[in-house]
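Structural features, examined
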Amino acid sequence: MLLSSFVGGEFVDSGELFDNVNPIDGSLVGKVSEADQSVVDKAVRAARSTFDGVWGRYTVPERVALLRRIADKIDERAGELLKAEVADTGKPVPLATTLDIARASANFRAFADILAAQGIDAYHTGRLLNYAVRKPLGVVAIIVPWNLPLLLLTWKVAPALASGNAVVVKPSEETPTTATLLASIIAEAGAPDGVYNVVHGFGPGSAGEFLTKHPGINGVTFTGETKTGAAIMQAVAPKVVPVSFELGGKNAAVVFNDADLERAIDGLARSTFTNTGQICLCTERIYVQRGVFDDVAKGLADRAKQLRFGRPDDPHTTSGPLISQAHRKKVLEYYDIAQQEGAQLLAGGGVPKLGPALDKGSWIEPALWTGLDNHARILREEIFGPVAALVPFDTEDEAIRLANDTEYGLAASVWTSDLERGHRVAGAMKVGIAWLNTWYLRDLRTPFGGAGLSGIGREGGLHSLNFYSELTNVCVGW
Ligand code: NAD
């Protein structure tokens, strides 16, 4: 299979190809045509041309109808999208079905509903009337990572189109397929040519950098690593365009003595091991009150030992591989660092032997550590694998201090049966999202984003519409 960039309603190639490799067994999924500077330039021009033309004249009800048609077509082609996402990422079929593909159409429907229900802000004071006119930004660059490819892409494309922008999308080089399939879905749903463009390639010196440095873009929304966010911020600084950044995390869980332990251990296992730990919201630091420390450590280690590696369509498989050999090398370096720092290993910590058919894949065992404190690198740096370090605490104040002792600020979870304390501690977390007795549940209308090194701005519901639009206030006097 050859994947091409999608520009102005047509698939285009530049001549340079790169490999798309299956992380299950190292086999070749297909070749991808890398967008050079001229392909990126054509994509931005195509987006601009329809933004100034036919797409720019779409009314709000027409945009709402288009978004609903895209959602319906995603559902119709869910099987094809699922196959593509599983081949690119290696994640188990049930996970990709419930987490990734289901959210893609939900993203379009949610933003169609939010746009349809949106009113006008007007303030009437004496002899003055103020009202704000909402306009699209223009051409928006959307750059996304490989861990939840279609989910994170549609989370940005849906509100960008709802707000009337044209977009140029740069999917991760590791997972280029579903962004390309989405091009044909959006075209079939009736979007004018140029509204949705895809450019394939890498970051520095490739499509990612060409796009963020392009003078024709009016905003950048990015999900990925913090250091990439910093590079993109520098690239767009001379243009002074708005950025929305959803970046890395080093998320904490806090478990109190009075927690429902079965529920807490189940939640901690999901938040540590789901998607092989490759979700920005996954937990990598677990603070446990001393009275239940041993029970939680044992319960979680048991859950780690129950994980089953295997092909995505094997019903017994619970865990897929990491995304690539390069990422496994990085995670394994942290396994060595933990050992050098003196951590005790509760479970896993190596590379599983799965037989000749799978040993070329990027498989990894989980790792659970104890015995270190917040000075250790494994408690400070984002690893992005199926790992967690457990640390005991005595008092509520200490738990809050330990959980907040990080430069990141994406997510946290708090586990307790004392609701008053639960609200107090969850509210004290310096993060964009804090869960109480649960993890990962998301309502698409709520604000999503991170504090500190975890990001800039919030998306979700009206927060998304605010990022993807420019407001002009009109003040009328009489
Ligand atoms: P990454 O930053 O390496 O890459 C993300 C995207 O940016 C890719 O498409 C890549 O090609 C592109 N890119 C890289 N360098 C670039 C540059 N200089 N200019 C323009 N584009 C560039 O991230 P990744 O390894 O793909 O994803 C994992 C990271 O994403 C983790 O840090 C994780 O925490 C983070 N993440 C955050 C969220 C969130 O919502 N906060 C969600 C998912 C993942």
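The rules behind the values
- Residues numbered from 1 in each chain as written.
- Predicted model: local features only at pLDDT ≥ 70, side-chain atom pairs only at ≥ 80, totals over all residues.
- Heavy atoms only, no water.
- Helix = DSSP H or I, 4+ residues; strand = E, 2+ residues; numbered from the N terminus.
- Near = heavy atom within 4 Å.
- Polar contact = N/O pair within 3.5 Å; in protein donor to acceptor, adjacent residues only side chain to side chain.
- Areas by Shrake-Rupley, 256 points an atom, 1.4 Å probe, with all protein chains shown as cover.
- 1 Å grid on protein atoms, 1.4 Å probe; cavity = no way out; pocket = protein on both sides within 12 Å on 5 of 7 lines; lining within 4 Å.
- Sits in = over half its atoms within 2 Å of the grid points.
- Nonpolar A, V, L, I, M, F, W, Y, C, P; charged D, E, K, R; others polar.
- Expected span 1.5 Å × (residues − 1).
- Buried < 20%, exposed > 50% of the residue type's maximum accessible area, 1.4 Å probe, protein only.
- Contact = heavy atoms within 4.5 Å.
- UniProt positions renumbered as here; feature names shortened; annotations may be inferred.
- Pairing = 2+ DSSP bridges.
- Salt bridge = Lys/Arg side-chain N within 4 Å of Asp/Glu carboxyl O.
- Patch = residues over 30% accessible without salt bridge, like charges linked within 9 Å, V, L, I, M, F, W, Y side chains within 5 Å.
- Axes fitted to C-alpha atoms, helices over the stretch in contact; angles between N-to-C directions.
- Points joined across faces, edges and corners; volume = space filled by probe spheres on them.

Considerations on the environment of Ala-187
- Within the secondary structure layout, Ala-187 lies in helix H6 (residues 177-188).
- Taking C-alpha positions, Ala-187 is 7.2 Å from Gly-9, a pair spaced 178 residues apart along the chain.

Regarding the site of the ligand
- Taken together, 29 residues are adjacent to the ligand, and Lys-170, Glu-173, Thr-228, Leu-247 and Glu-382 come closest.
- Taking Glu-173, its side chain carries an N or O atom lying 2.7 Å from an oxygen atom of the ligand.
- At 2.6 Å, a side-chain N or O of Thr-228 approaches an oxygen atom of the ligand.
- Within the complex, the protein chains bury 91% of what would otherwise be the 850 Å² of accessible surface of the ligand.
- According to the grid-proximity analysis, the pocket containing the ligand is the largest pocket.
- Mapped by element, the contributors of at least two residues to the shell around the ligand are helix H7 (207-212), strand S11 (219-223) and helix H8 (226-236).
- Residue composition of the shell around the ligand, by class: 15 nonpolar, eight polar and six charged.

Thoughts on helix H3 (residues 78-89)
- Look at H3: 16 Å from first C-alpha to last across 12 residues, which is about the 16 Å you get at 1.5 Å a residue.
- Every buried residue of H3 is listed here: Leu-81, Leu-82, Ala-84, Glu-85, Val-86, Asp-88 and Thr-89.
- Against the buried residues of H3 lie strand S4 (17-21), strand S5 (28-33), helix H2 (60-76), helix H4 (93-117), helix H5 (149-162) and H6.
- After H3 finishes, the residue Gly-90 shows a positive phi value of roughly 80°.

Quick notes on the UniProt feature "domain: Aldehyde dehydrogenase" (unreviewed entry) in the protein chain
- Mapped onto the present numbering, the UniProt feature "domain: Aldehyde dehydrogenase" (unreviewed entry) falls at residues 16-474.
- When the span residues 16-474 is considered, its composition is 40% helix and 21% strand, and the gap between its end C-alpha atoms is 50 Å.

Examining the sheet that holds S5
- Within the open sheet, the three strands sit side by side as S1-S5-S4. Their pairing is mixed. Of all the strands in the sheet, the pair left with one neighbour each is strand S1 (2-3) and S4.
- Across five bridges, S4 lies against S5 in antiparallel orientation. Its bridge partner being in S5, Asn-20 is matched across the sheet by Gly-30.

With respect to the pattern of salt bridges
- Within the structure shown, the criterion is met by 28 salt bridges.
- For Asp-25, the salt bridge goes to Arg-311, with nearest N and O atoms at 3.6 Å. Highlighted residues: Asp-25 in the loop between S4 and S5 and Arg-311 in the loop between helix H10 (293-305) and helix H11 (325-341), separated in sequence by 286 residues.
- For Asp-25, a relative accessible area of 19% corresponds to the buried category.
- Classification of Arg-311 as partly exposed rests on a relative accessible area of 35%.
- Each of Lys-73, Glu-76, Arg-77, Glu-80 and Glu-188 takes part in a single network of salt bridges with overlapping partners.

Concerning unusual backbone geometry
- In this structure, Asn-275 takes a positive phi of about 55° despite not being glycine.
- Here Asn-275 is to be found in the loop between helix H9 (261-273) and strand S14 (283-289).
- Classification of Asn-275 as buried rests on a relative accessible area of 8%.
- Positioned with a positive phi, Phe-384 is a non-glycine residue whose angle comes to about 65°.
- For Phe-384, the location among the structural elements is in the loop between strand S16 (367-370) and strand S17 (387-393).

Focus: the pairing of S5
- Inspection of the sheet shows S1 paired to S5 by two bridges, in the parallel sense. Within the sheet, the bridge partner assigned to Leu-2 lies in S5 and is Lys-31.
- Adjacent in sequence and paired antiparallel, S4 and S5 are bridged by six residues, among which Gly-26 carries a positive phi angle near 75°.

Brief notes about the UniProt feature "active site" (unreviewed entry) in the protein chain
- In the numbering used here, UniProt assigns the "active site" (unreviewed entry) feature to Glu-246.
- Examined against the element boundaries, Glu-246 turns out to sit in strand S12 (residues 243-246).
- Not counting chain neighbours up to four residues away, the residues in contact with Glu-246 comprise Trp-155, Lys-156, Phe-222, Thr-223, Gly-224, Phe-448, Ser-454 and Glu-459.
- At a separation of 3.2 Å, a polar atom in the side chain of Glu-246 contacts the side chain of Thr-223.

Describing a nonpolar patch on the surface
- Taken together, the side chains of Ile-120, Tyr-131 and Val-133 make up a nonpolar region of the molecular surface, amounting to roughly 270 Å² of accessible area.
- For Ile-120, the position within the fold is in the loop between H4 and strand S6 (122-125).
- On the basis of relative accessible area, Ile-120 is assigned to the exposed category, the value being 69%.

What about H2?
- Taking 1.5 Å per residue as the helical rise, H2 with its 17 residues ought to reach 24 Å, and the 25 Å between its terminal C-alpha atoms agrees with that figure.
- Along H2, the positions that sit buried rather than exposed are Arg-63, Val-64, Leu-66, Leu-67, Ile-70, Ala-71, Lys-73 and Ile-74.
- Those residues of H2 that are buried are in contact with H3, H4, H5 and H6.

Quick word on the sheet that holds strand S7 (residues 128-136)
- The strand order across the open sheet built from three strands is S6-S7-S23, with neighbouring strands paired in antiparallel fashion. The open sheet has two edge strands with one neighbour each: S6 and strand S23 (469-477). Looking at each pair of strands side by side, their axes are set apart by 20° on average, direction ignored.

Quick word on the layout of surface pockets
- Empty space within the largest pocket amounts to approximately 900 Å³.
- In terms of lining, the largest pocket is formed by 36 residues, of which the most central are Glu-173, Phe-222, Gly-224, Glu-225 and Thr-228.
- Mapped onto the lining of the largest pocket, the elements with two or more residues apiece are H7, S11, H8 and H11.
- The element that contributes the greatest number of residues to the lining of the largest pocket is H8, accounting for five residues.
- In this structure, the second largest pocket encloses a volume near 450 Å³.
- Lining of the second largest pocket is provided by 19 residues; of these, Gln-118, Gly-119, Ile-120, Ala-132 and Arg-134 occupy positions nearest its centre.

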